[in-house]
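Structural overview
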Amino acid sequence: AQSVTQPDIHITVSEGASLELRCNYSYGATPYLFWYVQSPGQGLQLLLKYFSGDTLVQGIKGFEAEFKRSQSSFNLRKPSVHWSDAAEYFCAVGATGNQFYFGTGTSLTVIP
Amino acid sequence: GAGVSQSPSNKVTEKGKDVELRCDPISGHTALYWYRQSLGQGLEFLIYFQGNSAPDKSGLPSDRFSAERTGGSVSTLTIQRTQQEDSAVYLCASSLWTGRNNEQFFGPGTRLTVL
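Read on for a plain summary of the structure. (Residues numbered from 1 in each chain as written. Chains lettered and ligands numbered in written order. Predicted model: local features only at pLDDT ≥ 70, side-chain atom pairs only at ≥ 80, totals over all residues. Heavy atoms only, no water.)

1. Describing the interface of chain B and chain A
Each partner contributes to the interface: chain B provides 22 residues, whereas chain A provides 25 residues. Interface of chain B and chain A: buried area, both sides summed, is about 1,800 Å²; carbon and sulfur atoms make up 53% of it. Counting across the chain B and chain A interface gives zero salt bridges. Taken together, the connections running from chain B to chain A amount to four residue pairs in polar contact (both at pLDDT 80 or more). If you list the elements that add at least two residues to the side of chain B that touches chain A, you get β4 (31-37) and β5 (43-50) of chain B. Class assignment for the residues of the side of chain B that touches chain A results in eight nonpolar, 11 polar and three charged. (Contact = heavy atoms within 4.5 Å. Buried area = accessible area lost by both parts, 1.4 Å probe. Salt bridge = Lys/Arg side-chain N within 4 Å of Asp/Glu carboxyl O. Polar contact = N/O pair within 3.5 Å; in protein donor to acceptor, adjacent residues only side chain to side chain. Helix = DSSP H or I, 4+ residues; strand = E, 2+ residues; numbered from the N terminus. Nonpolar A, V, L, I, M, F, W, Y, C, P; charged D, E, K, R; others polar.)

2. Some remarks on unusual backbone geometry
Here Ser7(B) and Pro8(B) are connected by a cis peptide whose omega angle stands at -10 degrees. Turning to its location among the elements, Pro8(B) is positioned in the loop between β1 (5-7) and β2 (10-13). A positive phi angle, close to 50 degrees, is found at Ser72(A), a residue other than glycine. Its place among the elements puts Ser72(A) in the loop between β8 (64-68) and β9 (73-78). Phi is positive for Arg81(B), which is not a glycine, with a value near 45 degrees. Along the chain, Arg81(B) turns up in the loop between β7 (75-79) and β8 (88-95). Classification of Arg81(B) as partly exposed rests on a relative accessible area of 42%. (Buried < 20%, exposed > 50% of the residue type's maximum accessible area, 1.4 Å probe, protein only.)

Honestly, that's just the spatial picture; any functional story needs more than this.
Written out as structure tokens, the structure reads:
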């Protein structure tokens, strides 16, 4: 069965520090993977996506993610976090039947 | 251009009442999704529309939930005889075409509170 796991419910980092948000997926075929960000009171915005090719993908706002098939992971990273990055982050996998499976999200707090 | 819009942004209702939630997708987007986001939960798929095809209703949690999409554009999610467990944020998303490699564009959501 398809599923997405985000092990970290909440993460706190200092502004300027590096960030890594974990995502593990379960999908039988080649996964189509996404990271979305949700700011308070806002809808979800796409940060980046992976379909094929280079396993390191670059997204908006300085984010990147690396697809590791052997680990069934698609972790999101940012080298230096800004206070405006505080938000909820969701990992998702696109599955057959045009359905998408989302993780439960990771809430990011940025402290000065 | 305009993004996905949803109305109302907030809805408070009493248990047992019916509610209607509206979604206006991006013009030209053929696919439309409804999700439910409960506290501490991820996005739960509810229903999917693609053009004039029959919708995929496999995610609707009970027969109290229904949705329609008129003219391939605006969609309405209806919850009948609301229960307290229906309290959640209901998100609508649209995408240009179908397929699991689609980027979905999300609206801001409707926060439903059932008292």
